[in-house]
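This is what each chain is made of:
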Amino acid sequence: MSTDNLQNSRKIDLHSHTRYSDGQLTPAELVMRAHTMQVDVLAITDHDTIDGLTEAHEAQKSYKRPLSIIDGVEISTQWHGFDIHIVGLKVDTGQPDFIAALASQQAVRLERAQAIATKLEKCGFAGVFDKAAALASPGQITRAHFAKVLVEHYQVSSMESAFKKYLGKGKRAAVKARWPQMNEAIDWIHKAGGRAVLAHPVHYDMTTKWLRRLVADFAHAKGDAMEVAFPGVNPDKVKILEELVVEHKLLASAGSDFHFPGRWTELGRCARLSTTLTPVWHDWELTV
Ligand code: AMP
Ligand code: MN
Ligand code: MN
Ligand code: MN
């Protein structure tokens, strides 16, 4: 239990994916997983879409065990050449400008996928777009879908290797997407009444100096919170993140970034938030 995120004896996971982006489970299966793993509060945060939320709420109706499902999203943005992910929590899924913003994100995703496929075709992977699109349907197409197709159909040894050789930053099939600036995504989330959370700040492959700039800019753009507790995080890095949260008066979030049950990843499994930080959920009325 020590690695679980228990706060006042609730298990809270505010970052997870379904098949509507690159997660492996359907929303109903994700809800079932939440019950199996004794999660009490679950945010569903698919890449640039909120399409899985209705199914998840519907699925929860058939359980007696309570589960607070938080309406969320993970928005792709750019900042000084880095792809930065901003999670939106408690978003109003009916807000028209927000819906329009997600539609534009989805158009950027599709355009980027076509450009990635063109580059992969040149590497000898004929027909890769149709396979990736079929795998992603009816959800958003992501680089993870291309990676999976390369492993399953084209003898690439692993997802890791697919990113290392082709899909990662600066690699043969890398494409710079026309993602919005970080501050635009924060504004969209606020317009939809949600809180903007800087996702997995240690996964951007940047120096601590750049990380400090990123968090300062995020706070300056009125970002609300930063993920401080996630899986496999090194204690020295956590200390830096905790200091940055305090310095910039941010709230702290916790999430597993769950995509599929695996050896290293599980729903509800992430480090605990230090009690010295104010959690992003501190003023939420949770029924659980
Ligand atoms: P996208 O949002 O389309 O750029 O796709 C990024 C997604 O690919 C991330 O959210 C991860 O789920 C996945 N991903 C990124 N890097 C790797 C990697 N090295 N190995 C496996 N999956 C990865
Ligand atoms: Mn993902
Ligand atoms: Mn992410
Ligand atoms: Mn994620």
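Look up: the structure comes first, before these words.
What comes next concerns the included structure. (Residues numbered from 1 in each chain as written. Chains lettered and ligands numbered in written order. Predicted model: local features only at pLDDT ≥ 70, side-chain atom pairs only at ≥ 80, totals over all residues. Heavy atoms only, no water.)

The protein atoms that coordinate the manganese ion (ligand 2) are D22 (OD), D22 (OD), H47 (NE2) and H259 (NE2), at distances of 2.2 to 2.7 Å. Around the manganese ion (ligand 2), the six donor atoms are arranged such that angles at the metal cover 51 to 152°; this shape is classified as irregular. Written as a sequence motif, the donor arrangement for the manganese ion (ligand 2) is D-x24-H-x211-H. Between the two metal centres, the manganese ion (ligand 2) and the manganese ion (ligand 3), the spacing is 5.4 Å. Within this pair, whereas D22 is found in the loop between β2 (10–13) and α1 (27–36), its partner H47 is found in the loop between β3 (41–44) and α2 (53–60), the two being separated by 25 residues in sequence. On the basis of relative accessibility, which here comes to 18%, the residue D22 falls in the buried class. Taking relative accessible area as the criterion, H47 reaches 7% and is therefore assigned buried. (Donors = N, O, S within 2.8 Å, 3.2 Å for Na, K, Ca; no water. Tetrahedral: all angles 85-135°; square planar, octahedral: opposite > 155°, others 65-115°. Helix = DSSP H or I, 4+ residues; strand = E, 2+ residues; numbered from the N terminus. Buried < 20%, exposed > 50% of the residue type's maximum accessible area, 1.4 Å probe, protein only.)

On to the packing of helix α3 (residues 96–122) against helix α5 (residues 143–153). Two elements in contact, α3 and α5, have axes separated by 11 Å at closest approach and are oriented at 30°. With respect to α5, the element α3 is oriented roughly parallel. In this structure, α3 meets α5 at a crossing whose hand is right-handed. Contacts from R112, A113, I116, A117 and L120 in α3 reach R143, F146 and L150 in α5. Split by residue class, the contact of α3 with α5 holds six nonpolar, no polar and two charged. (Axes fitted to C-alpha atoms, helices over the stretch in contact; angles between N-to-C directions. Parallel < 35°, antiparallel > 145°, perpendicular 65-115°, else oblique. Left-handed = near helix turned anticlockwise from the far one by under 90°. Contact = heavy atoms within 4.5 Å. Nonpolar A, V, L, I, M, F, W, Y, C, P; charged D, E, K, R; others polar.)

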